[in-house]
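The primary structure of each chain is shown beneath.
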Amino acid sequence: MKFIPAILAIAFLGNLTEGFAQTEKKMPPIIDVHVHAMKVNPGFAGNLCPWFLTSMPGSGPNQPAPSFINTACVDPLLAAKSDQEMQDALVSAAERLNVTMIASGDAEILHKWVQAAPDRFIPSIGIGPGMTVEAFRDSLSGGFYKVMGEIAPQYQGMSPSDMSLDEYFGVAEELGIPVGIHMGTGGNGMANITSPNYRASMGNPFLLEDMLARHPKLKIWVMHAGYPMIDEMVALMGANAYVYVDLAGLIWSYPQDEIHDYLKRLVQAGFGKRILYGTDLMIWPKLLETSIGLIQNATYLSEDQKRDIFFNNAVRFFNLNPEDFK
Ligand SMILES: [Zn+2]
């Protein structure tokens, strides 16, 4: 709310002096399709260097678990230290960079964000622990949530086509709600350091095929673009004309050459109209700038391709009205 007067002031001053108007011009709109609302735990809210997975540490099962979060860089991303600090920084960055976010996670935090900046957040709902299909349907019918995600059966070692998820996808299909499904890596040592049930094989994009066949009207996007299974991802997108991908997570954690190779391959294979920009933002507000910079610096993308990834593809996928972003 408190940012509206600032924007009006800029617009007013802009009318007075043309030069000022040009330098303060609103940034072209960006939709970040992958943001997590979570309570900040000050004990665990550590700083982080982007592209920290550039060098995976060597270690062994009988040694202390390696820390793969690298903080030894010139300009680490600072973690927010409280929920309020995170909200203020996020809303301020969203206004400055003209970003609208599809956000899922802690319901209380999400409601606060929406209250603070209703135009900047599109709430998304996952399948909460123990949530029945009926409770899920009620939540989606309530009007607050417009998207379903992040669905991440891979962390339970489960395929997205597992029948225990099928009715939930059926509800989204029936209500015309787009769904984001985590398929891809989640960092170094997922299976033996952080999530014992995690299985790399359950991130194979081909595992979506049976579920998609059962739900022909369901609209899904593959979060993390199925990284690193590019051949399977390209094959799945070829076979299923309505599947999109997002670049979240990988664009700020993996080595930059690796990210560019992956993104370039997706575009080269002809899927530039089905790539969505996303961050996987958690507790580091500056991550928005870091991630936008990576796309802006992609020399192999035309300006039109960058606008598609940042905005146009998401408008099409989520049935948004581009006029709302002017
Ligand atoms: Zn994910």
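First, a word on scope: everything that follows refers to the structure included in this document. (Residues numbered from 1 in each chain as written. Predicted model: local features only at pLDDT ≥ 70, side-chain atom pairs only at ≥ 80, totals over all residues.)

Counting secondary structure elements, the protein contains 13 helices and eight strands. Relative to the compact-globule value of 20 Å for 326 residues, the protein shows a C-alpha radius of gyration of 20 Å, a close match. Looking at the protein as a whole, 37% of its 326 residues qualify as buried. (Helix = DSSP H or I, 4+ residues; strand = E, 2+ residues; numbered from the N terminus. Rg over C-alpha atoms; globule rule 2.2 N^0.38 Å. Buried ≥ 20, exposed ≤ 12 C-beta atoms within 10 Å, placed from the backbone.)

Next up on the list: helix H11 (residues 256-268). Counted at 1.5 Å a residue, the expected span for H11 with its 13 residues is 18 Å, and the 18 Å between its end C-alpha atoms agrees. Every buried residue of H11 is listed here: Ile259, Tyr262, Leu263 and Leu266. The buried residues of H11 occupy one face: seen down the axis, they fall within an arc of 90°. The outward face of H11, more than 90 degrees from its buried face, is lined by the exposed residues Asp257, Asp261 and Gln268. On its buried face, H11 is in contact with helix H9 (230-239), strand S7 (244-246), helix H10 (250-253), strand S8 (275-276) and helix H12 (287-296). Of the residues trailing H11, Gly270 is marked for its positive phi of about 100°. (Expected span 1.5 Å × (residues − 1). Arc of directions from axis to C-beta. Contact = placed C-beta atoms within 7 Å.)

The next point concerns the sheet that holds strand S4 (residues 147-151). Here we have eight strands laid out as an open sheet, ordered S1-S2-S3-S4-S5-S6-S7-S8, and parallel in their pairing. Where the open sheet ends on each side, the last strands, each with one partner, are strand S1 (30-37) and S8. Note that S7 and S8 share two bridges and pair parallel. If you follow Val245 over to S8, its bridge partner there is Ile275. (Pairing = 2+ DSSP bridges.)

Turning next to the pairing of strand S6 (residues 220-223). The alternating pattern of S6 places Ile220 and Val222 and Trp221 and Met223 on opposite faces, both of which are buried. Bridge count for strand S5 (residues 179-182) against S6 is four bridges, and the pairing is parallel. In the strand pairing of S6, Gly180 is matched with Trp221. Of the pairings in the sheet, the one linking S6 to S7 comprises two bridges and is parallel in character. When the bridges of S7 are listed, Trp221 appears paired with Tyr244.

Moving on, we come to the environment of Val35. Here Val35 shows up in strand S1. Sequence spacing of Val35 and Phe311 is 276 residues, and the spatial spacing of their C-alpha atoms is 15 Å. Beyond its immediate sequence surroundings of up to four residues, Val35 is in contact with Met101, Ile102, Ala103, Thr279 and Leu281.

Let us look at the nonpolar core. Grouped together as the largest cluster of nonpolar side chains are 81 residues, with contacts concentrated most on Val179, Val222, Ala225, Val245 and Leu276. With sequence-adjacent residues up to four places away left out, Val179 is seen in contact with Met148, Gly149, Ile151, Phe169, Ala172, Leu218, Lys219 and Ile220. (Core = buried A, V, L, I, M, F, W, Y, C linked by C-beta atoms within 7 Å.)

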